[in-house]
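Structural description and commentary
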Amino acid sequence: MLCEVFNMSSFVLEPFIFVQSAIAPIHVLAAGANGLPYLVPIHPNLVHLTLGLFIVAVTFDLAANFYALEKPLFKFLAIPVTRSGLYDVGWYNMVGAAIITFFTVAAGFYEILLAAPPQDMVSPWGLSARDTMVWHGVGGVILLALIVGMTVWRALERYFWREDRARQVSWKYLGLGLFIFALMFLHGTLGAHLGGDFGVHVTADRLIRAGIDPNQLSVPPWNQIPEDPQLLPKVD
Amino acid sequence: MLENLLPPLNDHNLPYPDTMHPIVVHFVIAMVLFAVVCDGIAFFTKNYRLQEVSWWNMVFATVSIFIAIIFGQFEAGLATPYAAAVGDLNLHTLIGWSLSGVLAVITGWRYILRLQGSKKLPVAYLGVNAMLTIIVLFQTYLGDKLVWIYGLHTEAVVEAARGGLLP
């Protein structure tokens, strides 16, 4: 239906096809070609939120602890700043990270269960796809526990232990935060190996490995040569 | 010239181990979305302390988007997109650069609102927040397509492109 509309008046609709082709579901790959019942993996998207929120939370607490140092800088930039405002970012972002990370880990395990990585290669760290997934899964649970633990620790310092102090956050908390940054870097690299090297849930990689040219993705749904089962990627 | 300054390209077609752009965009996607959520909660609960949180998150997002664009442009240049991926890569580039302007304008507006010191945010600002959310989500979806559907910079795609198999 949509195809007919586009074919008949493609001249008029030309500018819209640009956007349309970007949002139109790609029939060839819809469910299945990436090994998932949806178009793109969810876990990497939630990872944006987990990492962004956690790293910014610790960074702002760090900035608040060193408040005296950057105060002249903010004054120079004509940005009013209060120390408690910076600590608020440290606290609320950490709460956000803790909540969202349950979903990040859950989505990650679901997508690990549906992964069918190539068996004939190792990662840049010399690990097989299976080992990489195991480490990434275990690491995910550990990081979730650490993030929740940090949130509880932060809450205790904010509302009980250091409630009356100008420096709301202890150096130990920040030390652990920086250590978790390092863990996250290692952990994220394992995740990058799964996507970028093994091509887990990457549609094009799976098509290439199955001997199919991913350029067929370019054919908009309204121009596709109908049903050649040979061309359709198998759902496993 | 650049080839002589940088290490040789690896099997992701990059002079460094993994793509940087998807890492830097953590700080745009997460911070913008969290800022919008905090503004929303502050609006309904009148916990105006959260508006300070969203302001700083917007500042962080605005600084980050320019770094994201620099890496994005560099990695797009090395992406060797095949025919199927070109359209989405171009649209992602166009929206990305535009979004830096949109985000800078909104954060600038927020800076003024914060200086003026009135607690309640104008409804128009919340409307702009909603629009910003839609653009960011769509832009993220396009980036997802580039990585997870077209597999740009993944080993298999780079290998196929180098072998001349991906016109």
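Residues numbered from 1 in each chain as written. Chains lettered and ligands numbered in written order. Predicted model: local features only at pLDDT ≥ 70, side-chain atom pairs only at ≥ 80, totals over all residues.

1. So, the overall build of chain A
A count of helices and strands for chain A gives 8 helices and 0 strands. Moving toward the C terminus, one meets the helices and strands of chain A in the order α-α-α-α-α-α-α-α. Out of the 236 residues belonging to chain A, those deemed buried represent 36%. In chain A, once contacts between residues fewer than 6 apart in sequence are set aside, the share between residues at least 24 apart is 78%. (Helix = DSSP H or I, 4+ residues; strand = E, 2+ residues; numbered from the N terminus. Buried ≥ 20, exposed ≤ 12 C-beta atoms within 10 Å, placed from the backbone. Contact = placed C-beta atoms within 7 Å.)

2. Some remarks on the interface of chain A and chain B
The extent of an interface is frequently quoted as the accessible surface area lost upon association of the parts. Facing 39 residues of chain A, the contacting portion of chain B comprises 42 residues. If you list the elements that add at least two residues to the side of chain A that touches chain B, you get helix H2 (10-23), helix H3 (43-65), helix H5 (83-113), helix H7 (171-197) and helix H8 (203-209) of chain A. If you tally residues by element for the side of chain A that touches chain B, the top one is H3(A), at 8 residues. Of the residues contributing to the side of chain A that touches chain B, the split by class is 19 nonpolar, 16 polar and 4 charged. (Nonpolar A, V, L, I, M, F, W, Y, C, P; charged D, E, K, R; others polar.)

3. Things to note about the packing of helix H3 (residues 26-45) of chain B against helix H6 (residues 123-149) of chain B
Residue and element names in this part refer to chain B. Where H3 meets H6, the closest approach of the two axes is 10 Å, and the angle between their N-to-C directions is 150°. Between H3 and H6, the crossing angle belongs to the class labelled roughly antiparallel. Our pair here, H3 against H6, has a crossing hand that is left-handed. Of H6, the residues touching H3 (which contributes Ile29, Val32, Leu33, Val36, Asp39 and Phe43) are Leu126, Asn129, Leu132, Thr133, Val136 and Thr140. Within the contact of H3 with H6, the residues separate by chemical class into 8 nonpolar, 3 polar and 1 charged. (Axes fitted to C-alpha atoms, helices over the stretch in contact; angles between N-to-C directions. Parallel < 35°, antiparallel > 145°, perpendicular 65-115°, else oblique. Left-handed = near helix turned anticlockwise from the far one by under 90°.)

4. Describing unusual backbone geometry
Glycine aside, negative phi is the norm for most residues, and most peptide bonds take the trans geometry. Phi at Ala78(A) is positive, roughly 60°, even though this residue is not glycine. Its location among the elements puts Ala78(A) in the loop between helix H4 (67-76) and H5. Overall, Ala78(A) belongs to the exposed group, with 8 C-beta atoms counted inside 10 Å. In the Ramachandran plot, Thr80(B) falls in the positive-phi region, its phi being about 40° despite a non-glycine side chain. Tracing the sequence through the fold places Thr80(B) in the loop between helix H4 (49-77) and helix H5 (83-116). For Thr80(B), a count of 15 C-beta atoms within 10 Å corresponds to the partly exposed category.

5. Considerations on the nonpolar core
With 56 residues, the main nonpolar core has Met31(B), Val32(B) and Ala61(B) as its most contacted residues. Contributing elements (two or more residues each) for this core: H3, H5, helix H6 (129-161) and H7 of chain A together with H3, H4, H5 and H6 of chain B. If we ignore the near neighbours within four places in the chain, the residues touching Val32(B) are Ala61(B), Leu132(B) and Val136(B). Listed in part, the 27 residues of the second largest apolar core include Ala33(A), Met133(A), Ala79(B) and Tyr82(B). (Core = buried A, V, L, I, M, F, W, Y, C linked by C-beta atoms within 7 Å.)

6. Notes on the confidence of the model for chain A
Residues and elements named next belong to chain A. Across chain A, the average pLDDT comes to 83, with 78% of residues at or above 70. The secondary structure element of chain A with the lowest average pLDDT is helix H1 (residues 2-8), at 39, and the one with the highest is H3, at 97. When the criterion is pLDDT under 50, residues 1-31 qualifies, and its contacts beyond four places in sequence or with other chains add up to 33 contacts. Taken as a whole, residues 222-226 scores under 50 in pLDDT and shows 6 contacts with residues more than four places along the chain or in a different chain. (pLDDT = per-residue confidence, 0-100.)

7. Quick look at H4(A)
Note on helix geometry: an α-helix contains 3.6 residues per turn, so any two residues three or four positions apart are oriented the same way. Counting buried positions along H4(A) gives 0 out of 10 residues, so the element sits mostly on the surface. Looking one or two places after H4(A), you find Ala78(A), whose phi comes out positive at around 60°.

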